[in-house]
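Chain by chain, the residues:
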Amino acid sequence: MSDTAETAVSFRGVTKTFGGKVIANKDVNLDVHKGEILSLLGENGSGKTTLMNMLAGIYFPDEGQIYIQGKEVVIKSPKDAFDLGIGMVHQHFKLIDVFTATENIVLGLEGKLNIKDAKQRILEICDKYGFEIDPDKKIYDMSVSEKQTIEIIKVLYRGAQILILDEPTAVLTPQETEKLFMVMRNMKADGKSIIIITHKLHEVKAISDRVAILRKGEFIGDMITADSTEQQMTDMMVGRAVKLNIERKEPKNAKPRITVDNLNVRDMEGIYKLKNVSFTANSGEVLGIAGISGCGQKELLEAIAGLQKIESGSILYSQDDKPDKQLVGMDPRAIKELGVALSFVPEDRLGMGLVANMDLSDNMMLRSFRDGKSRFFTDRKSPRGLAKNIVEELEVVTPSIETPVRRLSGGNVQKVLVGREIASSPSVLMTAYAVRGLDINSSYTIYDLINKQKENGTAVIFVGEDLDVLLELSDRILVLCGGEVSGIVDGKTTDKNELGLLMTKKGGDNNE
Amino acid sequence: MSKTTTPREPLFHIVKRDELTAKQATMIRVAAIIIGLIVCAIITTILTGDNPIKVYQTIFKGAFGTTRKTWITLQNMSILLIISLALTPAFKMQFWNIGGEGQVLMGGLAAASCMILMGDKLPNAVIIIAMIVSSIVAGAVWGLIPAIFKAKWNTNETLATLMMNYIATQLVAYFTILWEVPKGSGKIGIINQDSHAGWLPEVGNKYLLPIIIAVLITVFIYIYQKYTKHGYEISVVGESENTARYIGIKVEKVIIRTMLLSGAICGVAGLLLSGGINHTITTTIVDGQGFTAVMVSWLAKFNPITMVATSALIILMDRGAGEISTTFGLNESFADILTGVLLFFIIGCEFFIRYKLSFRKSNGKEVKA
């Protein structure tokens, strides 16, 4: 490793195991230089977050040393980490909704509290690095990107010199990502070291100076970003050559399958979550749905799946020459009994799609437990068979099919869920953020499965957040903004810029 | 570099274990019970000066000393077991039914009222059928009311079931005054003492009936939870209502159905207490077992088979308490202290099943560095 730059952090022989068997990190030697942006790249379960958590004082290494500015340190708690100038922004924000930005930022600091001074300092930090926030705004009024900004300011306020950002761009629009990158460059110019964990290779290229790669808990190597290609990074990360494009075949024989007309959904407070939404999803086609998170994607899918109270509008299901079926007012069981094979991979995999504490085969039963010969007793044999098939065909890594799904890694959980949902050969397949948190390999497995369904004539509705993926996978893309359809564009001809603009344009042309 | 601050690892840290095998977990639990018994022995010696082995022997003798004592122990055990089993499906559904006391009491009241109102007027078989039906219905209704509130308006079931206990107690108090024999005594006394009308028939001997019913219900609940569609629905609703809705389970229906079952089985316990064992009804006939059953069910982690053991432990200590108080002149509460210590170890060992302590390795590291 180069000794030209001053090192801010060094890991030496750091090992961390969980329960003696699972090795999260093994003998990791890694340096982070002063004033650089380092991308930490690796598949799911390769130990990126664990390694960073040890730096942030959340975990304690089993073996090895951590050096900060050349000095050996022991980081026993997040407080120790703060004292050493290390701040971590986690994937899940840790903010108090009813407090203002300022209150959240100073929360937990010792000494006399002076909100006015604190506000002044926060504004100084904002000026220095180019953040835009209102210190008096309450968290519940904030967008995801604003909340993230607060988290970053929080660590800067505590004087962090070393920042760790765990998948910061997963929740941002392209425009917001660009803004974040600008801020990161400002921080770097100020001499701070930044470690960013991300799965998106084009972002690695755009922002980082150096890439460090972990595979199965081990440090594989690092490279200067400018001198390497995305393909090289992927191959190093996976350990073999990977094909990096999604195949998009022309839709065959596309006919309307789901026709949504003037759909309105309101939440408990009476606020419109979906307003006058109309579109058609065709058989043999992938309809991508783009939008900033919380713009009605969840409500739309749940409305079609029969999980959402619908105020007005219609959802028609058409297949072959049979008469159209109205899905409004039906619950999932009634939809199934209508003979509509509708599959749904919800965003909340372990909280909705699967039962975390049940094993694989019991989770297969969720869809099929009402079948079987007996009226009272469950048929346990077929779900077991299905579980075995899915484990084999989708290469799910699990000790056995009797393992509770909560013990599987994110990618494997998703394979189990998607596997179950497509097992019933659906005529409609809806997926919400199907590859969120998944590594490249698992993601491509999921894309392949979706494409196979499309070829079989299934109408696929794919809600996604990564615009690059949406652009490669979808035949058409519907953009939601604030619960309204702001545009439906052709996936082959549109670009990221157009989508980004539609995502922030309320209500389409006629409403402006 | 200065060597002023030698970094030191903390003495130990808590590490999450990999999931243990059933065998390893059992070993930890057995070890916990043994350690618990040893600690109990030490406490006994310090506080009383008595020989702990003797005290244990006496406790055991109190429960199983004679054939009659053994039968009573088994009978008590079966009532506690039935109530625990009744609560279990509700708990599995994460519906915290702490109203077992009231549900049993209502079952008992229904049975007793049949005995009083129909006694000597109708054929015995009719009375008994009426008792069975009415006690099951009464228990079920007592479970149903909080279930409806929960299902329709998402009220807190813990409070609702708890309050229903007091209503049941007051109802029994009211009817006790109404039906008291003799007038002014404030109690009903043995009902139909001469005719035995409505007394549940003896099977084999007078202790066996509740035991047989307990065995049947144990098997039933075990199969119901493990192999039926209802049981599966209960687990899904308990684990995640969102998932239940997602697959089209009507959560409200499952809550109501399960609480009907829970209350109905409590009603059976009431029937046995009032029609089979005591042949009367009092406000204290359930004697807190509706609450003890909560613990029995939890200790067994809602497994009906394990519940046989946990209810046995509680009853053993309870029956032994009387014996050591007479033999050693100890307060009856002393047995409660021992029970408490044992439970502390049994529950506490769950921590060690999930976590382990990882101690600092001696020096090796510093030498290497």
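Residues numbered from 1 in each chain as written. Chains lettered and ligands numbered in written order. Predicted model: local features only at pLDDT ≥ 70, side-chain atom pairs only at ≥ 80, totals over all residues. Heavy atoms only, no water.

**Digging into the domain arrangement of chain A**
Residues and elements named next belong to chain A.
- Its domain assignment divides chain A into domain 1 (7–238) and domain 2 (255–341 + 427–436 + 459–505).
- One C-alpha centre belongs to domain 1, the other to domain 2, and the line joining them spans 35 Å.
- In this complex, domain 1 contributes seven residues to the contact, which on the side of domain 2 involves 11 residues.
- At the boundary of domain 1 with domain 2, total buried surface from both sides reaches about 680 Å², with 55% on carbon and sulfur atoms.
- Taken together, domain 1 and domain 2 are joined by zero salt bridges.
- Seen at the junction of domain 1 and domain 2, the total is one residue pair in polar contact (both at pLDDT 80 or more). (Domains from an automatic or database assignment. Contact = heavy atoms within 4.5 Å. Buried area = accessible area lost by both parts, 1.4 Å probe. Salt bridge = Lys/Arg side-chain N within 4 Å of Asp/Glu carboxyl O. Polar contact = N/O pair within 3.5 Å; in protein donor to acceptor, adjacent residues only side chain to side chain.)

**Quick notes on the interface of chain A and chain B**
- Taken together, the contacts link 47 residues of chain A with 33 residues of chain B.
- Between chain A and chain B, roughly 3,300 Å² of surface is buried when both sides are summed, and carbon and sulfur atoms account for 56% of that area.
- Here B:Lys250 ties to A:Asp331 by a salt bridge, and the two come within 3.4 Å at their closest N and O atoms.
- The tally of links between chain A and chain B comes to 20 residue pairs in polar contact (both at pLDDT 80 or more).
- By residue number, the principal contributor to the side of chain A that touches chain B is helix H12 (residues 360–368) of chain A, which donates four residues.
- Taken together, the residues that form the side of chain A that touches chain B break down as 19 nonpolar, 10 polar and 18 charged. (Helix = DSSP H or I, 4+ residues; strand = E, 2+ residues; numbered from the N terminus. Nonpolar A, V, L, I, M, F, W, Y, C, P; charged D, E, K, R; others polar.)

**Let's talk about the sheet that holds strand E5 (residues 71–73) of chain A**
All names here are of chain A.
- Here we have four strands laid out as an open sheet, ordered E2-E1-E4-E5, and antiparallel in their pairing. Two strands close off the open sheet at either side, each with one partner strand: strand E2 (22–33) and E5. Taking each pair of neighbouring strands and ignoring which way they run, the sheet shows an average axis angle of 25 degrees.
- Bridge count between strand E4 (residues 63–68) and E5: three bridges; the pairing is antiparallel. Counted as the bridge partner of Tyr67 is Glu72 from E5.
- Each of strand E1 (7–18), E2 and E4 touches helix H1 (residues 48–55); the most contacted strand, E1, lies at about 115 degrees to it. (Pairing = 2+ DSSP bridges. Axes fitted to C-alpha atoms, helices over the stretch in contact; angles between N-to-C directions.)

**Here's the deal with the pattern of salt bridges**
Residues and elements named next belong to chain A.
- Counted by the stated rule, this structure contains 33 salt bridges over all chains.
- Linking Lys137 and Glu146 is a salt bridge whose minimum nitrogen-to-oxygen distance equals 2.9 Å.
- For Glu311, the salt bridge goes to Arg266, with nearest N and O atoms at 2.7 Å. Linking Glu311 in the loop between helix H9 (297–305) and strand E14 (312–317) with Arg266 in strand E11 (residues 256–266), this pair joins segments that are 45 residues apart in sequence.
- For Glu311, a relative accessible area of 40% puts it in the partly exposed group.
- With relative accessibility at 35%, the residue Arg266 sits in the partly exposed group.
- One network of salt bridges, in which partners are shared, links Glu36, Arg210 and Asp222. (Buried < 20%, exposed > 50% of the residue type's maximum accessible area, 1.4 Å probe, protein only.)

**A short note on a nonpolar patch on the surface**
Residue and element names in this part refer to chain B.
- Residues Val30, Ile34, Ile38, Ile42, Ile46, Leu47 and Ile337 make up a contiguous nonpolar surface patch of about 670 Å² in total accessible area.
- Of all the elements, helix H1 (residues 22–48) adds the most residues to the nonpolar patch, at six residues.
- You can see Leu47 is positioned in helix H1. (Patch = residues over 30% accessible without salt bridge, like charges linked within 9 Å, V, L, I, M, F, W, Y side chains within 5 Å. Areas by Shrake-Rupley, 256 points an atom, 1.4 Å probe, with all protein chains shown as cover.)

**Notes on H12(A)**
- A large share of H12(A) lies buried, amounting to seven of its nine residues.
- Turning to H12(A), its buried residues number three or more, namely A:Leu360, A:Ser361, A:Asp362, A:Asn363, A:Met364, A:Met365 and A:Leu366.
- Considering only its buried residues, H12(A) is in contact with helix H11 (349–353), helix H13 (381–393) and helix H14 (410–423) of chain A together with helix H8 (229–239) and helix H9 (241–246) of chain B.
- The backbone nitrogen of A:Ser361 has a side-chain oxygen 3.2 Å away, supplied by the residue at the start of H12(A), namely A:Asp359.

**Describing the packing of H12(A) against H14(A)**
Residues and elements named next belong to chain A.
- Contact pair H12 / H14: the axes reach a minimum separation of 10 Å and the direction vectors enclose 35 degrees. The crossing of H12 and H14 is right-handed. In this structure, H12 uses Leu360, Asn363, Met364, Leu366 and Arg367 to contact H14, whose residues at the interface are Val416, Arg420 and Glu421.
- Its residues placed into classes, the contact of H12 with H14 shows four nonpolar, one polar and three charged. (Left-handed = near helix turned anticlockwise from the far one by under 90°.)

**Quick word on a negative patch on the surface**
Residues and elements named next belong to chain B.
- Together, Asp287, Asp318, Glu332 and Asp336 give the surface a local cluster of negative charge.
- Its location among the elements puts Asp336 in helix H13 (residues 333–354).
- Judged by its relative accessible area of 53%, Asp336 is exposed. (Lys, Arg positive; Asp, Glu negative; His and termini not counted. Charge placed at Lys NZ, Arg CZ, Asp CG, Glu CD.)

**Points about the packing of aromatic side chains**
All names here are of chain A.
- Per the counting criterion, the structure on display carries 16 aromatic pairs over all chains.
- Relative to Tyr447, the ring of Tyr444 has its centre 5.3 Å away and its plane inclined at 80 degrees; by these criteria the two rings are edge-to-face. Pair noted here: Tyr444 and Tyr447 are both in helix H15 (residues 440–455), with a separation of three residues, about one helical turn.
- Judged by its relative accessible area of 18%, Tyr444 is buried.
- Judged by its relative accessible area of 4%, Tyr447 falls in the buried class. (Phe/Tyr/Trp six-rings, centres within 6.5 Å; stacked < 30°, edge-to-face > 60°.)

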